[in-house]
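Understanding the architecture of this molecule
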Amino acid sequence: MEERGDDTTFEKQSALFALAVADVVLINMWCHDIGREQAANRPLLKTVFQVMMRLFSPRKTTLLFVIRDKTKTPLEYLEPILREDIQKIWDAVRKPHAHKDTQLSEFFNVEVTALPSYEEKEEQFKDQVAQLRQLFFHSISPGGLAGDRRGVVPASGFSYSVQQIWEVIKENKDLDLPAHKVMVATVRCEEIANEKFSSLMINEDWLALEHEVKEDAVRNFGRRLSSILDNFLSEYDAESVFFEENVRSSKRQQFMSKALQLVHPAFVSQLGHLRVKSLQTFKSQLEQLLRRGEAFAASVRTCSESCITEFDKGCSDAAIRHANWDASKFRDKLIRDIEAHVSSVRNDKLSELKAIYEKQITTALAEPVQSLFDVGGSETWASIRKLLKRETDVAISCFCPALSGFELDQDAFDRMMQSLKDYARSVVEKIAREEAGKVLMQMKDRFNTVFSHDSDSIPRLWTGKEDIKSITLEARSESLKFLSIVAAIRLDEKSDRIESILFSRLLEGKISISSRNSDIADSCDPLASSSWEEVSPENTLLTPVQCLSLWRQFMAETEYIVSQAISAQEAYRQSNNWLPPAWAIVAMIILGFNEFMLLLRNPLYLFMLFVVYLFGKALWIQMDIPGEFRNGILSGLISISSRFLSTVMDLLRRLAAEGQGNPAPGTSRASQHVSSQSFRSQVNSPNPVSSSVPSSYVSSNISTENDVEYTSR
């Protein structure tokens, strides 16, 4: 049977009487009442549970809950919620001591079914009602709705049983079903609230405001939204004014809660737009101030204060009267975004500023340090340290004022200063490592410079007077000194013994390529180690083993230059030694005394001998006999033999022509002069290999040529 409760005690008693004698109780329930604490059926069920436990022994009564106007939610989801609510009501009921531990299943068999809306799905509603009707037709069958029917009274005693039940119900003072007006107010106010919420969802003003706030921030957002909500609340109050006050207020609060949940995403969008706009404004303002040359920290403070104030005004404009929504999360997010942007811009500006001064340091150090390494004196590293300190101090003195506008904390400031100092040091270290990478080439260049030039930087001519051994030792000393300079980085003013070790072991000990088979693994040998004692590994450019290997390679590649100098000196000596030995000269004087006296007694012989000498000298010069033998004896002899006859005829022809006062055919004095000058330039030019042609030899050639020319005239 069905009962919704009434004001009169008799109807309450009648309802309870029906529950007591019935096997199946049909309870209508609106779908939206499921899970609600203020559902219309809850007070009735509570009262029924209390009275049933107090008045009757346990018997299975079927409670059939018919869910009306079922929504799209499947029944298998709704039924557990409903059963859970019924169990909560059962647990909350005060039970007598006799039924303190009695379970709900001992009194009731709960069944749930659902019907769609009659107005929306009329045909489906009628079909399911017909199916429900069939359940009642077969309710007493096994497994039917009537339950176990343990308390069924025989027909003969039914009248007396019913009479006693009625008497018990009449004498019960605790029977109190919900008042009719409360039930009506609950149902009706719920309907009004649902209608207003549905109207709010399709309201044109609200939809327009929602669309606008999705695109951009809306001006007077809070005032417009508050006006819309006030209109719907006023309509609700007007339609529910005559219902019970507590119920009306409760439903109004529920409606307001649902409405605020609906509009809250729009409020969030509004604050999101305000945050983004404030951040963009901050970025543009900060960029403008920095372009004008304003201090960084002061510009950040000015822009951030302005933008946060503007954001706070926007939040006040977006607030509504019906909710105290907190905008602090958006404000904190804006502050974090500003701080992140400030950090990014600060890092970029500091990087740019640092790059400027690093470039300045590179320019100030690179070429001077390179020049100091090229000079390679004993004070090279002292000069480099002095230069590094001076240029670093200059850069820091300019860098400090530039950093003051950023208002960095002391730790960050110290890190920036140290970073600039480290960079300056790294520039020097980089150049030193480059020099160490090409040390062998630099050593050979230095050796060639010292060996091939004198103290006045004039190229040496190996005339036989030079002490090649001492010159070689001096050149090797300079090369070894350069090796010791680039063997380690000495920017910390720590003393070391690298130079003394290298000189004692490589120069004084005369380590050369001939000692390759020597035992360098001796533990007492300082050059058999992979590190220097006084130098840390990070400051080591060339280890002792590497220095030894480089020196051996250097010696192998420079020995040829020394041997060439010795050969040139020997060739010079031989070229200037035209006279025979002294004993030969004495023998020639003694043995050739008669011939000498014959020449003195006959001047014609002396004149003829002089003519033969002049002719031979002219032939020597004309055929360039030393030049022919420069490429080898065999090739010189072949060339001289092929040109001898033609050269002799040409000289005789020229002498005959000049004797007659006419130039030789095909020649002129100008051409002869040019030929003479060309020959002299060949004679005067140094040998490209040894540069060891004696100057006396050149002078004798020039004087002889002049004599020939004078004689030919």
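Residue positions are counted from 1 within each chain, in the order its sequence is given. Thresholds applied to this predicted model are a pLDDT of at least 70 for local features of residues and 80 or more for the giving and counting of side-chain atom pairs; totals over whole chains, interfaces and linings are not thresholded and use all residues. Derived side-chain values reflect all non-hydrogen atoms in the structure, with water molecules and hydrogen atoms excluded from consideration.

With an unreviewed UniProt entry as reference, the protein is termed Protein ROOT HAIR DEFECTIVE 3 homolog 2-like isoform X3, source organism Solanum pennellii. In its Sequence similarities (unreviewed entry) section, the UniProt record describing the protein reads: "Belongs to the TRAFAC class dynamin-like GTPase superfamily. GB1/RHD3 GTPase family." UniProt positions are given in the numbering used here, feature names are shortened, and annotations may be inferred rather than shown by experiment.

1. Observations regarding the overall build of the protein
Strands are runs of DSSP state E lasting at least 2 residues, helices are runs of H or I lasting at least 4, and numbering of each runs from the N terminus. Assigned secondary structure in the protein consists of 24 helices and 3 strands. When accessible area is computed with a 1.4 Å probe and restricted to protein chains, residues below 20% of their type maximum are described as buried, those above 50% as exposed, and intermediate ones as partly exposed. The proportion of buried residues among the 713 residues of the protein is 37%. Here, residues are in contact when the closest pair of their heavy atoms is within 4.5 Å. For the protein, long-range pairs separated by at least 24 residues make up 75% of all intrachain contacts whose partners lie at least 6 apart in sequence. Surface exposure here means Shrake-Rupley accessible area, sampled with a 1.4 Å probe, where a residue is shielded only by the protein chains that are shown. When the accessible area of the protein is evaluated, it comes to approximately 41,900 Å², of which 54% is carbon and sulfur surface.

2. Topic: the packing of aromatic side chains
Stacked, edge-to-face and tilted are the three classes for Phe, Tyr and Trp ring pairs, Trp counted by its six-membered ring, which pair at centre distances within 6.5 Å; planes under 30 degrees apart are stacked, over 60 edge-to-face, the rest tilted. The full count for this structure, using the stated rule, is 9 aromatic pairs. Pairing Tyr-357 with Phe-399 gives two aromatic rings, centres 5.2 Å apart and planes at 55°, and the pair type is tilted. In this pair, Tyr-357 sits in helix 11 (residues 328–375) while Phe-399 sits in helix 12 (residues 380–404), placing the two residues 42 residues apart along the sequence. Of the two residues examined, Tyr-357 and Phe-399, each falls in the buried class.

3. Brief notes about the state of the cysteines
A pair of cysteine sulfur atoms is labelled a disulfide when the two atoms are within 2.5 Å. What the rule picks out here adds up to 0 disulfides. Cys-303 carries a free sulfur, and the closest cysteine sulfur to it, the one in Cys-307, is 6.3 Å from it.

4. A look at the side chain of Asn-539
Looking at the element boundaries, Asn-539 is found in the loop between helix 16 (498–507) and helix 17 (544–575). With sequence-adjacent residues up to four places away left out, Asn-539 is seen in contact with Arg-425, Glu-429, Ala-488, Ile-489 and Asp-492.

5. Let's talk about helix 11
The α-helix advances 3.6 residues per turn, and as a result positions three or four apart in sequence lie on the same side. Over its 48 residues, helix 11 runs 69 Å from end to end, which matches the ideal 70 Å to within 8%, given 1.5 Å per residue. Two axes enter the bend calculation: one fitted to the seven residues ending at the residue in question, the other to the seven starting there, and the bend is the angle between them. Largest kink in helix 11: about 25°, centred on Leu-365, with the proline Pro-368 one to four residues after it. Take the number of residues in a helix, subtract one, and multiply by 1.5 Å to get its expected span.

6. Thoughts on the UniProt feature "transmembrane region" (unreviewed entry) in the protein
The positions UniProt marks with the feature "transmembrane region" (unreviewed entry) are residues 604–621. The distance separating the terminal C-alpha atoms of residues 604–621 is 26 Å; by composition the span is 100% helix and 0% strand.

7. Quick notes on the pairing of strand 3 (residues 108–114)
Because side chains alternate across strand 3, one face comprises the buried residues Phe-108, Val-110, Val-112 and Ala-114, and the other comprises Asn-109, Glu-111 and Thr-113, none of which is buried. Here strand 2 (residues 61–68) runs beside strand 3; their pairing, made up of 7 bridges, is parallel. The residue of strand 3 that forms the bridge with Thr-62 is Asn-109. When DSSP finds two or more bridges between a pair of strands, those strands are recorded as paired.

8. Re the pairing of strand 2
Most of strand 2 sits inside the fold, with 7 of its 8 residues counted as buried. Of the pairings in the sheet, the one linking strand 1 (residues 24–30) to strand 2 comprises 7 bridges and is parallel in character. When the bridges of strand 2 are listed, Ile-27 appears paired with Phe-65.

9. Description of unusual backbone geometry
Look at Asn-220: it is not a glycine, yet its phi comes out positive at around 60°. Among the structural elements, Asn-220 can be located in the loop between helix 7 (204–215) and helix 8 (221–239). Residue classification places Asn-220 among the partly exposed positions, given a relative accessible area of 28%.

10. Overview of helix 22 (residues 633–659)
Here helix 22 spans 36 Å end to end across 27 residues, near enough to the 39 Å set by a 1.5 Å rise per residue. Along helix 22, the largest kink reaches about 45° and is centred on Phe-644. Listing the buried residues of helix 22 in full gives Gly-636, Ser-639, Ile-640, Thr-647, Val-648, Leu-651 and Ala-657. The inward-facing, buried residues of helix 22 abut helix 20 (603–623) and helix 21 (625–629).

11. What to know about the packing of helix 11 against helix 12
Here helix 11 crosses helix 12 at 160°, and the two axes come no closer than 10 Å. When the axes of helix 11 and helix 12 are compared, the pair comes out roughly antiparallel. The two elements helix 11 and helix 12 meet at a crossing, and its hand is right-handed. Each residue belonging to the contact of helix 11 with helix 12 can be placed in one class, and the counts come to 20 nonpolar, 3 polar and 2 charged. In this description, a line fitted to the C-alpha atoms serves as the axis of each element, helices being fitted only across the stretch in contact, and the angle between N-to-C directions of two axes falls anywhere from 0 to 180 degrees. Roughly parallel means an angle under 35 degrees; roughly antiparallel, over 145; roughly perpendicular, 65 to 115; everything else is oblique. In a left-handed crossing the near helix is turned counterclockwise from the far helix by less than a right angle, and in a right-handed crossing that turn is clockwise. Note on residue classes: Ala, Val, Leu, Ile, Met, Phe, Trp, Tyr, Cys and Pro are nonpolar, Asp, Glu, Lys and Arg are charged, and everything else, Gly too, is polar.

12. Digging into the packing of helix 10 (residues 296–318) against helix 11
With their axes 11 Å apart at the nearest point, helix 10 and helix 11 run at an angle of 160° to one another. As judged from the angle between their axes, helix 10 and helix 11 are roughly antiparallel. Crossing hand, helix 10 versus helix 11: right-handed. The segment helix 10 lies against helix 11, with Phe-296, Val-300, Ser-304, Ile-308, Phe-311 and Asp-312 engaging Phe-330, Arg-331, Leu-334, Ile-335, Ile-338, Val-342, Val-345 and Arg-346. Here the contact of helix 10 with helix 11 is built from residues that sort into 10 nonpolar, 1 polar and 3 charged.

13. A word on the pattern of salt bridges
Close approach of charged atoms allows side chains with opposite charge to pair. A carboxyl oxygen of Asp or Glu within 4 Å of a side-chain nitrogen of Lys or Arg is what we treat as a salt bridge. The full count for this structure, using the stated rule, is 25 salt bridges. Lys-88 is the salt-bridge partner of Glu-84, the closest N and O atoms lying 3.8 Å from each other. With a gap of 4 residues between them, Glu-84 and Lys-88 both fall in helix 3 (residues 75–92), about one helical turn apart. The exposure class assigned to Glu-84 is partly exposed, which follows from its relative accessible area of 45%. With a closest N to O distance of 3.5 Å, Asp-216 and Lys-277 form a salt bridge.

14. Some details on the sheet that holds strand 1
Pairing within the open sheet is parallel, and its 3 strands lie in the order 1-2-3. Since the sheet does not close on itself, it has two edges, and those belong to strand 1 and strand 3, each with one partner. Put simply, the sheet's adjacent strands are angled 20° from each other on average, direction ignored. Along the sheet, helix 3 contacts strand 1, strand 2 and strand 3; its crossing angle with strand 3, the most-contacted strand, is approximately 145°.

15. Considerations on a nonpolar patch on the surface
Any residue with relative accessible area above 30% and no salt bridge may belong to a patch, with like charges joined within 9 Å and the nonpolar Val, Leu, Ile, Met, Phe, Trp and Tyr side chains within 5 Å. A contiguous nonpolar surface patch, about 600 Å² in accessible area, is contributed by Leu-598, Leu-604, Tyr-605, Phe-607, Met-608 and Val-611. Of the residues forming the nonpolar patch, the biggest block, 5 residues, is contributed by helix 20. Within the secondary structure, Met-608 is located in helix 20. Judged by relative accessible area, which is 46%, Met-608 ranks as partly exposed.

16. Quick word on the side chain of Asp-337
Turning to its location among the elements, Asp-337 is positioned in helix 11. Under the relative-accessibility criterion, Asp-337 is labelled buried at 17%.

17. Points about the environment of Cys-303
In this structure, Cys-303 sits in helix 10. Owing to a relative accessible area of 1%, Cys-303 belongs among the buried residues under this scheme. For the pair formed by Cys-303 and Phe-282, sequence separation is 21 residues and the distance between their alpha carbons is 5.6 Å. With residues near it in sequence (within four places) discarded, Cys-303 still touches Phe-282, Gln-285, Leu-286 and Leu-289.

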